[in-house]
Amino acid sequence: MKRFFPITFLLAVIFSACTTIGAYENNVAIPEHQWSSSFKPELNFNITDTAAFYNVFIVVRHMNAYEFNNLWIELQRNNGADSLPPQRLNLTLADNEGWNGSGMDDIFEHRLPITPEGGIKLKAGNHRFRIGHIMRKDPLPYIMNIGVRIEKVTP
C-alpha cells in the first residue's frame, strides 16, 4: 500500500498538468523534400464540440540544411459556408541560438501557434485548411512535411 500511494500521486500530478485533450493532427509529406509553390495541400478536420476552445498550430518538419530562419505561408481556412480570407503568416523557425523546434539528428519539427493564447471557438462541421508557401525561392528545398494540429483546450 505504501508503494501504491507515491505512484498514484505521481500519475495524478502528471495528468493534472495537461492543458489540452483531444488533439487532431494531419500532416502531408512534401514530394522529394522540394516544396513547389504550386503544391498546396488541403487538410480536413471534423469538429463536433462547439462549446470547447481550440488551439490551432502549423506543423513544419524540415532538414537542418533548410537555409532560412522563417517560412512565409498562405493559409486558407473554411468551414463549409464560412470562408475566411487567406492569411499570410511569417512563421519563425530559428533565432540567433538556432532552431526553435525539437530536433533529432538533422530533422527539426515546429508546432507554431496561429491562434491567440486560450484558443478560439470553432463551428461544428468539416474545417478545411489549405497551405502554400510564398517564399521567394521556388521550389523550397529541405521542407519535409507541412500540417495542421488542432488541440482542444481544457479549463
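Computed from a predicted model, the values in this text were never measured in an experiment.

Draft legend 1. Structural context of the side chain of Asn78. Here Asn78 shows up in strand β5 (residues 70–79). Given the relative accessible area of 15%, Asn78 is considered buried. Here Asn78 is in contact with Ser83, Asn126, His127 and Arg128, once residues within four sequence places are set aside.

Draft legend 2. Up close: the packing of aromatic side chains. Tallied over the entire structure, the rule returns four aromatic pairs. With a centroid separation of 6.3 Å and 40° between ring planes, the pair formed by Tyr66 and Trp99 is classed as tilted. In this pair, Tyr66 is assigned in the loop between β4 (53–63) and β5 and Trp99 in strand β9 (residues 98–99), connecting sequence segments 33 residues apart. Overall, the relative accessible area of 3% leaves Tyr66 in the buried class. Consider the rings of Trp99 and Phe108, whose centres lie 5.9 Å apart with planes at 40°: the pair is tilted. Three or more aromatic residues joined by ring pairs form one cluster here, namely Tyr66, Phe68, Trp99 and Phe108. The ring of Phe53 carries Lys121 above its face, with NZ or CZ at 4.8 Å from the centroid.

Draft legend 3. Inspection of the confidence of the model for the chain at higher detail. Per-chain confidence: the chain averages 86 in pLDDT, with 84% of residues scoring 70 or above. For residues 4–20, every residue scores under 50 in pLDDT, and the model assigns this stretch eight contacts once sequence neighbours within four places are set aside.

Draft legend 4. How the structure looks around the nonpolar core. Trp35, Ile58, Leu71, Ile131, Val148 and Ile150 are the most contacted members of the largest nonpolar core, which has 29 residues in total. Elements with a minimum of two residues in this core: β3 (42–47), β4, β5, β7 (87–92), β13 (125–133) and β15 (143–153). With sequence-adjacent residues up to four places away left out, Leu71 is seen in contact with Trp35, Val60, Tyr66, Leu89, Asn90, Leu91, Leu93, His133, Met135, Leu140 and Ile146.

Draft legend 5. Spotlight on the pattern of salt bridges. This model, assessed by the stated rule, comprises nine salt bridges. The salt bridge involving Asp49 is made with Lys152; its shortest N-O contact spans 3.2 Å. With Asp49 in the loop between β3 and β4 and Lys152 in strand β15, this pair connects stretches of sequence that are 103 residues apart. Look at Asp49 and you get partly exposed, because its relative accessible area is 26%. For Lys152, a relative accessible area of 18% gives the class buried. Each member of the salt-bridge network shares a partner with another, and the members are Glu25, Arg61, Glu109, Arg111, Arg149 and Glu151.

Conventions and cut-offs
- Residues numbered from 1 in each chain as written.
- Predicted model: local features only at pLDDT ≥ 70, side-chain atom pairs only at ≥ 80, totals over all residues.
- Heavy atoms only, no water.
- Helix = DSSP H or I, 4+ residues; strand = E, 2+ residues; numbered from the N terminus.
- Buried < 20%, exposed > 50% of the residue type's maximum accessible area, 1.4 Å probe, protein only.
- Contact = heavy atoms within 4.5 Å.
- Phe/Tyr/Trp six-rings, centres within 6.5 Å; stacked < 30°, edge-to-face > 60°.
- Lys NZ or Arg CZ within 6 Å of the ring centre and 35° of its normal.
- pLDDT = per-residue confidence, 0-100.
- Core = buried A, V, L, I, M, F, W, Y, C linked by side-chain atoms within 4.5 Å.
- Salt bridge = Lys/Arg side-chain N within 4 Å of Asp/Glu carboxyl O.

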